[in-house]
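The lines below spell out each chain.
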Amino acid sequence: MAKNKITADEALHYHQDPQPGKFEVVATKPMTTQRDLSLAYSPGVAVPVEAIAERPEAAYDFTTKGNTVAVISNGSAILGLGNLGALAAKPVMEGKAVLFKRFADVNSIDIELDTEDPDEFINAVRLMGPAFGGINLEDIKAPECFIIEQRLKEIMDIPVFHDDQHGTAVICAAGLINALHLTGKKIEDCKIVLNGAGAAGIACIELVKAMGAKHDNCIVCDTKGVIYDGRTERMNQWKSAHAAKTEDRTLEDAMRGADVFLGVSAKGAVTSEMVASMADNPVIFAMANPDPEITPEEAHEVRRDAIVATGRSDYPNQVNNVLGFPYLFRGALDIQAKAINDEMKIACADALAKLAREDVPDEVAMAYGRKLAFGRDYIIPTPFDPRLIHTIPPAVARAGIETGVARRPIVDMDAYEQRLLERLDPTASILSSISARAKAAQARMIFAEGDDPSVLRAAVAYQRQGFGKALVVGREPDVKEKLEAAGLGDAYRELTVVNAANSRHLETYTAYLYEKLQRKGFDRSDIFRMAARDRHVFSALMLAHGHGDGLVTGVTRKAAHVLHQMNRVFPVSAEDEAVGVTALLYKGRVVLISDTLVHEWPDEEDLADIAIAAARVARSLGLEPRVAFASFSTFGYPVSERATKMHRASSVLDARGVDFEYDGEMTVDVALNREQMKAYPFCRLSGPANILVVPARHSASISVKLLQEMAGATVIGPILAGVGAQIQICHTGATVNDILHMAAIAACKIG
């Protein structure tokens, strides 16, 4: 698979708009009245201040300390870019902070310290200790990183974890457990070769030894060759600790007969000849980024029995730190740990290994567009596996409790796992699933409005992110000019620009459309002008003739106009089965609202049709449908003729015998709030609704726009369903991301 192309312009645009940076601070308590402010600050704040002064552990009860990690760097080893300084490290540290939140609901603050003096760095972090529940060190060069981490562990009473070292080591260990399981080898019997004696490499070999590998069976190499007992050149105390008694002097020597290779070094460091010399069923973890020491193709060419892992997402068995650090800290914070020790890291690795051996849920396979099953190409779980959040932290917490680093041990582990499940954010997994399925589909996507800069940017992103071929409808000079103005002039040759006026298919399209509309008041010249001049009609004709697989439009014209034009080619009116379903993603919840596009004032039969279509969309998004017919009335009170049709809609579905949960009529708070729903024990929904079928299109539109503008909900849609063709209509003024999401939805054939 080819890597996604991301241009410098796209990256800067992402980090700059709609506002600079990647996160903001949001208050979790009311701040609206004078009383609220008095409780939040003076005089009310004095009460918890005194409580903490008397009993320091109370800070975990009354402040964010227990769920906040500091991500700290001095920028001396930023990714693979080197020493670019503290300020340049900030985008990376912000990124780390949002990964903590996204994957484990851990709040995180990035801190960049402008010093390369280890003592200054250590003292600065030590002084900040009271503010945080844990410290994640990042992008600090070796050997200073070893000095800094070790000293901070000694003087601080909260977890200190250098992810560049231990994050890689934990995921590597998880994959190694499963690779050895598949090959029937025992770690204590294996000859293990490590190439790369920096921070990650040293951490990997130390953890592997903690798991049972024998010191004399482990050979460590750096740029000067094997680190052997007695070597003096370019040595330090961390390398010396792993010096082996061996006659091997080069990596080539060490690889002969090796069972395991661990690489955290450089592209091309391992040759095919080295791999060929390894023992039967060799395990090769070529983790150099962005390019591995040897590619899986090169390794398998000489050793078909090899199990290969890399740091790359476009190969199987990715060693990805995001599988480790969020969940390690989640478990550590939840027991108010004083440290993250080797036992907790090994517990994390064991739990990851066990998870990979379990049956993979359908939604995970759907997200990756292929069947995933434990074996040589699947020894490490995928980052978007929803089970990670409630599987890994309990294992870490248990190990912390058993080894005595927990201040507050968890008594009811089952209840803890349930609380972790509630932290799961389904929204990102839905978006990642759509993205992965779109990449697998490789659809030819028609972008109808090729004169709009946002549409063009989305078309370029669609193609460069590997979704498929972008077909842009527009005039060649206009497209080229607008791409150049957007800083994407090089993309013009990548896109396929389709000009309706000189299309070789125009006569065919005209004849097709004339046959459909000739008895509706149009003569042939009308049809020709419509096909040649109206980009929405022309694009729909392209789709109808199989000259594209999906269509995205609606950015520059109101949905009503676009639907009217589309209806000349496809059945998208209220009399047909078309329905608009809008997905709202907010605070970890996904709610679909219908109908937001087609039906102006549906009756009970229409409402039943809408519910069925919305349920189909929900399932295609990986959700099990629970439909609530929403109203201002709940189960018959107050009585109103406007609520009657919502009441009757459930009876219509009763008669149709559908296979999903539904009930109503009910108010939105009853539909979405589990506690409110308990007041109606006869309600047929097993939990809060994830589909709201509303009385009319205007109420649907008001609901969506209100949540988008006032609450900042992410809106996907309206998703046009029931048309029989992949047409998606964006809202006017849609952003590049909005358009790209809709293109991906069209490619996935959702709806």
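Preceding this section is the structure that the text describes.
Okay, so let's go over this structure.

So, how was this worked out
Residue indices begin from 1 for each chain and proceed along its sequence in written order. The model is predicted, so local features are restricted to residues of pLDDT at least 70 and side-chain atom pairs to those at 80 or more, both for listing and for counting; the totals for chains, interfaces and linings are taken over all residues. Hydrogens and water molecules were not included; the side-chain quantities draw on all heavy atoms of the structure. Classification of ring pairs uses Phe, Tyr and Trp, with its six-membered ring standing for Trp, and accepts pairs whose centres are within 6.5 Å; under 30 degrees between planes counts as stacked, over 60 as edge-to-face, and the remaining range as tilted. Put simply, DSSP marks the helices as runs of H or I at least four residues long and the strands as runs of E at least two long, and each gets a number from the N terminus on. Residue burial is assigned from relative accessible area. The probe radius is 1.4 Å, only protein chains are included, and a residue is buried under 20% of its type maximum, exposed over 50%, and partly exposed in between. Here the rule is simple: two strands pair whenever DSSP picks up at least two bridges between them. Helix axes are fitted only over the stretch in contact, all axes being lines through C-alpha atoms; the angle between N-to-C directions runs from 0 to 180 degrees. We call two residues in contact whenever any of their non-hydrogen atoms come within 4.5 Å of each other. Just so you know how the angles are binned, under 35 degrees is roughly parallel, over 145 roughly antiparallel, 65 to 115 roughly perpendicular, and the rest oblique. Working rule for handedness: look at the near helix, and if it is turned counterclockwise from the far one by less than a right angle, call the crossing left-handed; if clockwise, right-handed. Side-chain classes are defined by residue name, with Ala, Val, Leu, Ile, Met, Phe, Trp, Tyr, Cys and Pro counting as nonpolar, Asp, Glu, Lys and Arg as charged, and the others, Gly among them, as polar. Multiplying 1.5 Å by the residue count of a helix minus one yields the expected span of that helix. Pairing of N or O atoms within 3.5 Å defines a polar contact, subject to two protein rules: one partner must be a possible hydrogen donor and the other a possible acceptor, and residues neighboring in sequence count only if both atoms are side-chain atoms. The term salt bridge refers to a pairing of a side-chain nitrogen on Lys or Arg with a carboxyl oxygen on Asp or Glu at a separation within 4 Å.

**Observations concerning the packing of aromatic side chains**
Under the definition given, this model contains 12 aromatic pairs. Seen in terms of ring centroids, Phe103 and Phe384 are 5.9 Å apart; in terms of plane orientation they differ by 45 degrees. Their pairing is tilted. Note that Phe103 is positioned in helix 5 (residues 90-104) and Phe384 in the loop between helix 16 (362-368) and helix 17 (388-402), a separation of 281 residues in sequence. Given the relative accessible area of 29%, Phe384 is considered partly exposed. Ring centres of Phe635 and Phe682 lie 5.0 Å apart, and the angle between their planes is 70 degrees; this geometry places the pair in the edge-to-face category.

**Focus on the sheet that holds strand 15 (residues 579-586)**
Spatially, six strands are ordered 18-17-19-16-15-20 in an open sheet, and the strand pairing comes out mixed. One side of each edge strand has no neighbouring strand; the edge strands of this open sheet are strand 18 (661-666) and strand 20 (714-721). Averaged over all pairs of adjacent strands, the angle between their axes in this sheet comes to 20 degrees, without regard to strand direction. Where strand 15 and strand 16 (residues 589-594) come together, six bridges link them in antiparallel fashion. Counted as the bridge partner of Thr582 is Ile593 from strand 16. Contacting strand 17 (626-630), strand 18 and strand 19 (691-693), helix 27 (residues 641-656) crosses the sheet at an angle of about 160 degrees to strand 18.

**Focus on the packing of helix 24 (residues 535-544) against helix 25 (residues 559-566)**
For the pair helix 24 and helix 25, interaxial distance at closest approach is 9 Å and the crossing angle is 45 degrees. Between helix 24 and helix 25, the interaxial angle falls into the category oblique. In this structure, helix 24 meets helix 25 at a crossing whose hand is right-handed. Contacts between helix 24 and helix 25 involve His536, Val537 and Ala540 from the former and His561, Val562, Gln565 and Met566 from the latter. Across the contact of helix 24 with helix 25, the residue classes break down as four nonpolar, three polar and no charged.

**Some points on the sheet that holds strand 7 (residues 225-226)**
If you walk across this open sheet you meet the six strands as 7-6-5-8-9-10, and the pairing is mixed. Of all the strands in the sheet, just strand 7 and strand 10 (307-310) have a single pairing partner and so form its edges. On the sheet, helix 8 (residues 163-183) packs against strand 8 (260-263), strand 9 (283-286) and strand 10 and is oriented at approximately 160 degrees with respect to strand 9. On the sheet, helix 9 (residues 199-210) packs against strand 5 (192-195), strand 6 (218-222) and strand 8 and is oriented at approximately 160 degrees with respect to strand 5.

**As for the pairing of strand 16**
In terms of burial, strand 16 is largely enclosed, as five of its six residues are buried. Of the pairings in the sheet, the one linking strand 16 to strand 19 comprises three bridges and is parallel in character. Bridge pairing in strand 19 links Leu592 to Ile691.

**Let's talk about helix 26 (residues 604-620)**
Taking 1.5 Å per residue as the helical rise, helix 26 with its 17 residues ought to reach 24 Å, and the 24 Å between its terminal C-alpha atoms agrees with that figure. You can read the cap of helix 26 off the contacts: a side-chain oxygen lies 3.1 Å from the backbone nitrogen of Glu605, and it is on Asp603. Trailing helix 26 by a residue or two, Gly622 shows a phi angle of about 90 degrees, which is positive.

**Describing the pattern of salt bridges**
In total, this model carries 42 salt bridges according to the counting rule given. For Glu94, the salt bridge goes to Lys90, with nearest N and O atoms at 3.8 Å. With Glu94 and Lys90 both in helix 5 and four residues apart, the pair spans about one turn of that helix. A relative accessible area of 29% means that Lys90 is categorised as partly exposed. Here Lys90 ties to Glu112 by a salt bridge, and the two come within 3.8 Å at their closest N and O atoms. Linking Lys90 in helix 5 with Glu112 in strand 2 (residues 107-112), this pair joins segments that are 22 residues apart in sequence.

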